[in-house]
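Chains, contacts and geometry: an overview
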Amino acid sequence: MAEEGASGFQIHPMDQFIVKPLFGGDHIAWYTVTNVTLWMAIAVVAIAAMLMLGTRRRAIVPSRSQSVAELIYGFVYNMVEEVTGREGVKYFPYVLTLFLFILFSNLLGLLPAAFTTTSHIAVTIVLAMLVFLGVTILGFVKHGIGFLGMFWVSSAPLVIRPILAVIEVISYFVRPVSHSIRLAGNLMAGHAVIKVIAGFATLVVASPVVIGAVTALYGLELLVACVQAYVFTILTCVYLRDAVGDVHH
Amino acid sequence: MEGELAQMGKYIGAGLAAFGLGGAGIGVGNIAGNFLAGALRNPSAAAGQTATLFVGIAFAEALGIFSFLIALLLMFAV
């Protein structure tokens, strides 16, 4: 955006989301190693390091790194058990993987000059579609054709049930869209806002205010990064409950 | 001229689409406010309902995010 620089006052808030090949060249094929690949790999390595190094000693009185790993593990485990019920605990490893990957991608993206992989819909739609397809297949495997009973709201009066069924079907298929765009949209918007505010620092009069504002926004973005990872995971649990629990509504 | 007019329409449309996010803001504020009102009346029940709170916020926010998506599509894809 903003190809024509009109004056000296220019802000390029969306430049940080450009995917670039790491080793030169302009062409991006499916196998090209880009900055997205790099930061995803860093996230995976960081997660593995946290869990493996943290729990290496397995002390009864946990060290600091061990208690971080245990806290996150216990937090997600309780969430799965609470939201999906005992039946859903089987799928806990998948939910923990999702949570850690999104959390670490969000937090690593907040480092200066880092690339936020989860700000791209192409990344988040894959995560959301895997949840959507997984839940749908699991529902049909568990309940057979009875899984479709989810769309037939038996507690409603008979007259409005067909209308409700249409609405339920639409809302079911909108799930992966809202699931993925929520995460990508929140992160993209947050990072773009920081860039826009930081761009005002070129006006010398405004710069002290800008420093304060960017610091405050950075704190807010830390919160958003954690909350969005939490929201994505808890929605995964809610969708899982539809598939593994009773088809009740 | 034609292209400029089209671009102007794009930007106006993107700006209008951003209005939708205000609705999401109202919705999220409504949920959080009502949660707080309920939580202050019965603090002991509040802790068990935070998951519901976040799910509600997420669903309310999703519809606002759709209008954000329309704005982005108008800016970059159309």
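Each value, and the rule that gives it
Residues numbered from 1 in each chain as written. Chains lettered and ligands numbered in written order. Predicted model: local features only at pLDDT ≥ 70, side-chain atom pairs only at ≥ 80, totals over all residues. UniProt positions renumbered as here; feature names shortened; annotations may be inferred. Helix = DSSP H or I, 4+ residues; strand = E, 2+ residues; numbered from the N terminus. Rg over C-alpha atoms; globule rule 2.2 N^0.38 Å. Buried ≥ 20, exposed ≤ 12 C-beta atoms within 10 Å, placed from the backbone. Contact = placed C-beta atoms within 7 Å. Nonpolar A, V, L, I, M, F, W, Y, C, P; charged D, E, K, R; others polar. Core = buried A, V, L, I, M, F, W, Y, C linked by C-beta atoms within 7 Å. Expected span 1.5 Å × (residues − 1). pLDDT = per-residue confidence, 0-100.

An unreviewed UniProt entry lists chain B under the name ATP synthase subunit c, with Pseudorhodobacter turbinis as the source organism. UniProt, in the comment section headed Sequence similarities (unreviewed entry), describes chain B in these words: "Belongs to the ATPase C chain family."

**A few points about the overall build of chain A**
Within chain A, the regular secondary structure consists of six helices and zero strands. Counting only C-alpha atoms, chain A reaches 65 × 55 × 40 Å along its principal axes.

**Here's the deal with the overall build of chain B**
In terms of regular secondary structure, chain B is built from four helices and zero strands. Along chain B, from the amino end to the carboxyl end, the secondary structure elements read α-α-α-α. The C-alpha atoms of chain B give 18 Å as radius of gyration, which overshoots the globular expectation for 78 residues (12 Å, by more than 25%). Considering only C-alpha atoms, chain B reaches an extent of 65 × 15 × 10 Å along its principal axes. Here chain B, with 78 residues, has 13% of them falling under the buried criterion. Considering only contacts in chain B between residues 6 or more positions apart, those separated by 24 or more positions represent 91%.

**Here we look at the interface of chain B and chain A**
Tallying the contact residues gives nine residues for chain B and twelve residues for chain A. Classifying every residue of the side of chain B that touches chain A by side-chain character gives eight nonpolar, no polar and one charged.

**Side note on the UniProt feature "domain: V-ATPase proteolipid subunit C-like" (unreviewed entry) in chain B**
Mapped onto this numbering, the UniProt entry gives "domain: V-ATPase proteolipid subunit C-like" (unreviewed entry) at residues 12-74 of chain B. End C-alpha atoms of residues 12-74 of chain B are separated by 9 Å, and the span's content is 92% helix alongside 0% strand.

**Structural notes on the UniProt feature "transmembrane region" (unreviewed entry) in chain B**
Residue and element names in this part refer to chain B. The residues that UniProt annotates with the feature "transmembrane region" (unreviewed entry) are residues 12-33 and 53-77. Secondary structure content for residues 12-33 is 95% helix and 0% strand, and the end C-alpha separation is 33 Å. In this annotation, residues 53-77 is assigned 100% helix and 0% strand; the end-to-end C-alpha distance for the span is 34 Å.

**Re unusual backbone geometry**
Comment: phi is negative for the bulk of residues other than glycine, and the bulk of peptide bonds are trans. Residues and elements named next belong to chain A. Its identity is not glycine, yet arginine 58 carries a phi of approximately 50 degrees, on the positive side. By the element assignment, arginine 58 lies in the loop between helix H1 (35-54) and helix H2 (64-84). Residue classification places arginine 58 among the exposed positions, given that 8 C-beta atoms sit within 10 Å. One non-glycine residue, alanine 113, lies in the positive phi region at around 65 degrees. Positionally, alanine 113 belongs in the loop between helix H3 (92-109) and helix H4 (121-143). With 5 C-beta atoms packed within 10 Å, alanine 113 lands in the exposed category.

**Let's talk about the nonpolar core**
Counting residues in each nonpolar core, the largest one holds 46 residues, and the members touching the most others are Phe99, Leu100, Ile102, Ala229, Ile234 and Cys237 of chain A. Where this core is concerned, the elements lending two or more residues are H1, H2, H3, H4, helix H5 (161-199) and helix H6 (207-244) of chain A together with helix H4 (50-77) of chain B. Counting residues per element, this core draws most heavily on H6 of chain A, at eleven residues.

**Details of H2 of chain A**
Because the α-helix completes a turn every 3.6 residues, residues three or four places apart line up on one side. Between the first and last C-alpha of H2 of chain A there are 30 Å, a value that for 21 residues agrees with the 30 Å anticipated at 1.5 Å per step. Packing partners of the buried residues in H2 of chain A comprise H3 and H6 of chain A together with H4 of chain B. Just downstream of H2 of chain A, glycine 85 of chain A is the residue with a positive phi angle, here 85 degrees.

**Observations regarding H4 of chain A**
All names here are of chain A. Across its 23 residues, H4 extends 32 Å between first and last C-alpha, which sits within 8% of the 33 Å expected from 1.5 Å per residue. All buried positions along H4 are accounted for by Val123, Thr124, Leu127, Ala128, Val131, Phe132, Val135 and Gly139. Those residues of H4 that are buried lie in contact with H3, H5 and H6.

**A short note on the confidence of the model for chain A**
Residues and elements named next belong to chain A. Put simply, chain A has an average pLDDT of 87, and 94% of its residues get 70 or more. For chain A, the element scoring lowest by mean pLDDT is H5, at 89; H3 scores highest, at 95. Between residues 1-7, whose pLDDT stays under 50, and residues either more than four places distant or in other chains, the model counts four contacts.

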